[in-house]
Amino acid sequence: MIPVDRTRIVVRGHRRDNAHVFKVTLKTSGRQFSVVAGETVLEAAQRAGVALPYSCRAGVCGSCKATLLDGRCEYPRNPPLALNADEQAHHAVLLCQAVPVTDLLLEAREVTSVEDIARRQLGMVVTEKWPLAPDVTGLRLLPARGERRLKRLPGQYVDVLLEDGKRRPFSIANGPQADGMIEMHVRHVAGGGFTSWVSSTLKPGDHLRVEGPLGTFVPREDSERAMIFMAGGTGFAPVKAIVEHFIALGTRRAIQVYWGARVAGDLYLRALAERWAGELPNLAFHAVVSDADGAAGLRTGLVHEAVLADQPDLSGHDLYMSGPPAMIDAAHPRFLAAGLPEERLYYDSFEYAPDVLAQIIAGRAGIHDLPLP
Ligand SMILES: Cc1cc2nc3c(=O)[nH]c(=O)nc-3n(C[C@H](O)[C@H](O)[C@H](O)COP(=O)(O)OP(=O)(O)OC[C@H]3O[C@@H](n4cnc5c(N)ncnc54)[C@H](O)[C@@H]3O)c2cc1C
Ligand code: FES
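Residues numbered from 1 in each chain as written. Chains lettered and ligands numbered in written order. Predicted model: local features only at pLDDT ≥ 70, side-chain atom pairs only at ≥ 80, totals over all residues. Heavy atoms only, no water.

A few points about the UniProt feature "domain: FAD-binding FR-type" (unreviewed entry) in the protein
Stage number 1. According to UniProt, the feature "domain: FAD-binding FR-type" (unreviewed entry) maps to residues 119-220 in the numbering used here.
Stage number 2. The distance from the first to the last C-alpha atom of residues 119-220 is 20 Å, and the span holds 8% helix and 45% strand. (UniProt positions renumbered as here; feature names shortened; annotations may be inferred. Helix = DSSP H or I, 4+ residues; strand = E, 2+ residues; numbered from the N terminus.)

This is the structure we're talking about:
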């Protein structure tokens with residue numbers, strides 16, 4: 001990723017006046033939807049029930065990358081930080097930030113499996129809170145009295161709605177349950193308002209309001225390829241939900257699970273992953289720690305380097321990864337260089353919430369100099 005100066009992202013074209021509605025056509029499926037003035041392509045698609053991939057919704061992770069085949073758009077909110085100069089020159093756009101100023105023809109991936117699932121808000125009550133690791137808190141929540149359970153797919157996330165109108169995204173660490181229970185693994189961020197409150201003050205019986213399901217990090221079942229899952233820190237949460245889904249399906253596809261953390265104690269559900277590997281002949285688990293002093297006999301190094309050392313040719317795999325932005329940014333180009341087609345790389349980057357990223361970007365702070373999750 002390179003920093004982009006917002007003032008340079010002025011796109012010339014035949015701009016209609018603001019009252020106009022623009023039409024977006026997706027080349028592969030031929031589907032069309034309308035975008036009203038000021039709306040991003042992603043917002044308009046969601047309103048129209050068309051599921052396009054996304055994760056951070058702030059222009060920094062690149063999950064929503066698509067190719068603009070015709071038309072013009074601009075970036076009045078955040079600049080497209082996830083696009084490098086080469087991608088911009090080749091007409092790549094970020095759907096979570098791109099606001100059309102003409103009709104558009106786009107080449108974009110669609111995630112039809114999440115399309116029928118309506119997103120909504122509901123009240124939930126905390127039923128369990130427990131320490132998973134020194135800086136990670138486990139939470140279980142049930143729908144509050146009178147609320148219906150959330151329909152969702154494994155791997156999706158919810159926004160926790162805060163009293164000041166802000167939102168904080170957290171992955172759901174379990175698959176859908178009959179009683180609507182959701183599990184979360186919340187890492188305490190130094191200086192972070194919500195995660196500090198979760199670790200210090202939140203208690204069973206407290207109520208939280210959430211909106212979901214969100215995100216397109218979900219199982220892809222239309223494939224027979226071997227799967228690699230790579231998690232960093234609490235990125236294990238959605239990986240756990242998706243792996244458990246494939247286990248429950250009785251898949252025979254080969255599954256390699258890599259989990260990276262700084263020290264062994266941060267691999268807070270290692271026993272669970274080792275149990276999967278012990279019980280299933282098609283599943284292998286690899287724990288990797290970056291700090292040799294805290295390795296406790298485990299493999300050391302960066303987790304994506306471990307994947308590449310074991311699997312130098314990724315052309316025959318589907319790869320799911322989730323965790324800190326630094327891990328996602330480092331792994332992404334390396335995995336593509338190892339032959340993994342971009343459309344088979346599925347990821348959630350655990351960025352801060354869009355409002356925080358927008359403030360940081362607007363303040364021109366170097367977002368990657370901050371203590372990202
Ligand atoms: C799709 C998705 C899924 C996620 N899933 C998980 C998960 O399962 N588990 C998990 O642990 N995390 C997850 N995250 C990350 C999680 O959402 C963040 O860690 C969380 O939002 C932090 O909230 P907070 O209120 O504690 O911190 P915030 O208050 O948002 O602050 C974050 C950091 O930014 C700094 N900051 C705040 N405002 C500014 C500013 N204006 N200028 C400069 N610095 C500022 C703060 O000091 C702090 O260091 C996920 C993120 C995404 C996008
Ligand atoms: S860059 Fe658009 S969803 Fe992250």
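Now that the structure has been shown, we can carry on.
Description of the site of ligand 1
Stage number 1. Neighbouring ligand 1 are 25 residues; Arg168, Pro169, His185, Arg187 and Thr195 lie closest to it.
Stage number 2. A distance of 2.7 Å separates an oxygen atom of ligand 1 from a polar atom in the backbone of Arg187.
Stage number 3. Contacts to ligand 1 include Thr234, whose side-chain N or O atom sits 3.2 Å from an oxygen atom.
Stage number 4. Burial of ligand 1 by the surrounding chains reaches 86%, relative to a free accessible area of 990 Å².
Stage number 5. Elements with a contribution of two residues or more to the shell around ligand 1: β11 (167-171), β12 (182-187), α3 (193-200) and α8 (354-362).
Stage number 6. Among the elements that line the shell around ligand 1, the one with the most residues is β11, at four residues.
Stage number 7. Looking at the shell around ligand 1 residue by residue, the class counts come to 12 nonpolar, 10 polar and three charged. (Near = heavy atom within 4 Å. Polar contact = N/O pair within 3.5 Å; in protein donor to acceptor, adjacent residues only side chain to side chain. Areas by Shrake-Rupley, 256 points an atom, 1.4 Å probe, with all protein chains shown as cover. Nonpolar A, V, L, I, M, F, W, Y, C, P; charged D, E, K, R; others polar.)

Digging into the packing of aromatic side chains
Stage number 1. Inspection of every chain in the model, using the stated rule, returns 10 aromatic pairs.
Stage number 2. Ring centres of Phe194 and Trp197 lie 6.0 Å apart, and the angle between their planes is 40°; on these two criteria the pair is classed as tilted. One end of the pair, Phe194, and the other, Trp197, are both in helix α3, three residues apart, so they sit about a helical turn from each other.
Stage number 3. Overall, the relative accessible area of 7% leaves Phe194 in the buried class.
Stage number 4. When the ring of Trp259 is compared with that of Tyr268, the centres are 5.1 Å apart and the planes differ by 90°; the resulting orientation is edge-to-face. Across the pair, Tyr268 and Trp259 agree in class, each one buried.
Stage number 5. Here a set of aromatic residues connected by ring pairs shows up, and it is made of Phe217, Phe229, Phe246, Tyr320 and Tyr346. (Phe/Tyr/Trp six-rings, centres within 6.5 Å; stacked < 30°, edge-to-face > 60°. Buried < 20%, exposed > 50% of the residue type's maximum accessible area, 1.4 Å probe, protein only.)

Observations concerning the domain arrangement of the protein
Stage number 1. The domains assigned to the protein are domain 1 (6-110), domain 2 (120-216) and domain 3 (226-349).
Stage number 2. One C-alpha centre belongs to domain 1, the other to domain 3, and the line joining them spans 31 Å.
Stage number 3. For the domain 1 and domain 3 pair, buried surface summed over both sides reaches about 540 Å², with 33% attributable to carbon and sulfur atoms.
Stage number 4. By the criterion of area lost to domain 3, the three top residues of domain 1 are Ser55, Cys61 and Arg109, representing 63% of everything that side buries.
Stage number 5. The interface formed by domain 1 and domain 3 includes one salt bridge.
Stage number 6. Here Lys65 ties to Glu342 by a salt bridge, and the two come within 3.2 Å at their closest N and O atoms.
Stage number 7. Counting across the interface, domain 1 meets domain 3 through six residue pairs in polar contact (both at pLDDT 80 or more). (Domains from an automatic or database assignment. Buried area = accessible area lost by both parts, 1.4 Å probe. Salt bridge = Lys/Arg side-chain N within 4 Å of Asp/Glu carboxyl O.)

Topic: helix α4 (residues 236-249)
Stage number 1. Compared with the 20 Å implied by 1.5 Å per residue over 14 residues, the 20 Å span of α4 between its first and last C-alpha is a close match.
Stage number 2. Among all positions in α4, only Phe236, Ala237, Pro238, Val239, Lys240, Ala241, Ile242, Val243 and Phe246 are buried.
Stage number 3. Positive phi appears at Gly250, one or two residues downstream of α4, with a value of about 75°. (Expected span 1.5 Å × (residues − 1).)

Here we look at the environment of Ala330
Stage number 1. Along the chain, Ala330 turns up in helix α7 (residues 325-337).
Stage number 2. For Ala330, a relative accessible area of 31% translates into the label partly exposed.
Stage number 3. Separated by 25 residues in the primary sequence, Ala330 and Glu305 have C-alpha atoms spaced 9.5 Å apart.

A short note on the nonpolar core
Stage number 1. Core analysis: the largest hydrophobic core is formed by 30 residues, its most contacted members being Phe229, Phe236, Val257, Trp276 and Tyr320.
Stage number 2. A per-element tally of this core places α4 first, with five residues.
Stage number 3. Those residues within four positions of Phe229 in sequence are excluded, and the remaining contacts are Val239, Ile242, Val243, Phe246, Ile255, Gln256, Val257, Tyr258 and Tyr320.
Stage number 4. Residues Val41, Val50, Ala66 and Cys73 belong to the second largest nonpolar core, which totals 29 residues. (Core = buried A, V, L, I, M, F, W, Y, C linked by side-chain atoms within 4.5 Å. Contact = heavy atoms within 4.5 Å.)

Regarding the confidence of the model for the protein
Stage number 1. Per-residue pLDDT for the protein has a mean of 92; in total, 92% of the residues score no lower than 70.
Stage number 2. Note that residues 1-17 has pLDDT below 50 and, in this model, 41 contacts with residues that lie over four places away or in other chains.
Stage number 3. Note on residues 365-373: pLDDT under 50 across the span, and 19 contacts to partners over four residues away in sequence or across chains. (pLDDT = per-residue confidence, 0-100.)

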